[in-house]
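Structure at a glance
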Amino acid sequence: CKSANNSKKLRYLFNKLKKNLVLYLLELVSELKQSKFNEHYMELSLSGDGAYAPKSLSFDVNDDVTVSLNGTADRVDVFRDNDTAYVKVIDYKSGTEKISLDLIDKGYGAQLFIYLFTLCKMKDCDFKEKFMGNAKEIKPAGIMYFPMNI
């Protein structure tokens, strides 16, 4: 019977998803427990208005052209130590992602670096004050891909 086969397949996929979700959550909890970083933002738009999210990173190409880099960071963690806020950007990946200097030199794989430096170099705005807390400066701490392969 066709519906019985669909039901078995659906049950198999649901059980596989449930098992993987538990594994990912355990891994995430383990990571956060052993780190001094705290999760601060999920799905943070990097093309905001400066009040609730940082403005996009922009470059003046010439007098008439400005290029803005926009995106959304999956997760942003922050560790505050004295006068410094350290920032880490995390991207959840369902596929495999490799980082290499050769690819970055060619313009590939720079997404998380752009997000990280957007946060570290943002101009003064309300969001920056909220983001920094009592810190006087923001420093990049790193990027991380969090694999979510099923």
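Residues numbered from 1 in each chain as written. Predicted model: local features only at pLDDT ≥ 70, side-chain atom pairs only at ≥ 80, totals over all residues. Heavy atoms only, no water.

Thoughts on the overall build of the chain
We count it as follows: Strands here mean DSSP runs of E at least two residues long; helices mean DSSP runs of H or I at least four residues long; both are numbered from the N terminus. Here the globule rule is a power law, 2.2 Å times the number of residues to the power 0.38, and the radius of gyration is based on C-alpha atoms. Throughout this description, buried means an accessible area under 20% of the type-specific maximum (1.4 Å probe, protein chains only), exposed means over 50%, and partly exposed covers the range between. Contacts between residues were defined by any pair of non-hydrogen atoms, one from each residue, lying within 4.5 Å. Residue-level accessible areas treat just the shown protein chains as cover; the underlying method is Shrake-Rupley with a 1.4 Å probe. Under this rule, positive means Lys or Arg and negative means Asp or Glu; His and the chain ends count for nothing. Where a charge lies is defined by one atom per residue type, namely NZ (Lys), CZ (Arg), CG (Asp) and CD (Glu).
Secondary structure summary: the chain contains four helices and six strands in total. Ordered by position from N to C terminus, the α and β elements of the chain give α-β-β-β-β-β-α-α-α-β. A compact globule built from 150 residues would reach a C-alpha radius of gyration of about 15 Å, whereas the chain, at 19 Å, exceeds it by more than 25%. Projected onto the principal axes, the alpha-carbon positions of the chain cover approximately 65 × 40 × 30 Å. Per-residue burial over the chain gives 31% buried out of 150 residues. Taking all contacts inside the chain whose residues are at least 6 apart in sequence as the whole, residues at least 24 apart take part in 69%. By element, 54% of the accessible surface of the chain is carried by carbon and sulfur atoms, the whole surface being about 10400 Å². Computed over 22 positive and 20 negative side-chain charges, the inter-centroid distance for the chain is 13 Å.

Some words on the sheet that holds strand β1 (residues 38–45)
Just so we agree on the cut-off: Should DSSP find at least two bridges between two strands, the strands are taken to pair. Whenever a helix is involved, its axis is fitted only over the stretch in contact; in every case the axis is a line through C-alpha atoms, and angles between N-to-C directions fall within 0 to 180 degrees.
On the basis of which strands lie adjacent, the open sheet formed by four strands has the order β1-β4-β5-β6 and mixed pairing. What marks the edges here is a single partner per strand, and that holds for β1 and β6 (137–147). Averaged over all pairs of adjacent strands, the angle between their axes in this sheet comes to 25°, without regard to strand direction. Taken together, the seven bridges between strand β4 (residues 72–81) and strand β5 (residues 84–93) define a ladder with antiparallel strand orientation. Along β5, the bridge assignment pairs aspartate 77 with lysine 88.

Side note on the state of the cysteines
The condition that has to hold: The definition used for a disulfide is geometric: two cysteine sulfur atoms within 2.5 Å.
Within this structure, the stated rule accounts for zero disulfides. No disulfide involves cysteine 120; its sulfur sits 13 Å from that of cysteine 125, the nearest cysteine.

A word on the layout of surface pockets
How we decide: Grid points spaced at 1 Å and placed over the protein atoms alone form the basis of the search, with a cavity being a set where a 1.4 Å probe fits but cannot get out and a pocket an open set showing protein on both sides within 12 Å along at least five of seven lines. Lining residues have an atom within 4 Å of a point. Grid points are joined across faces, edges and corners, and a volume is the space filled by probe spheres set on the points. Amino acid classes used here: Ala, Val, Leu, Ile, Met, Phe, Trp, Tyr, Cys and Pro are nonpolar; Asp, Glu, Lys and Arg are charged; the rest, including Gly, are polar.
Here the largest pocket is characterised by a volume of approximately 240 Å³. As for the largest pocket, its lining consists of Pro54, Lys55, Ser56, Leu57, Ser58, Thr118, Lys121, Met122, Lys123, Asp124 and Cys125. In the lining of the largest pocket, the residues fall into four nonpolar, three polar and four charged.

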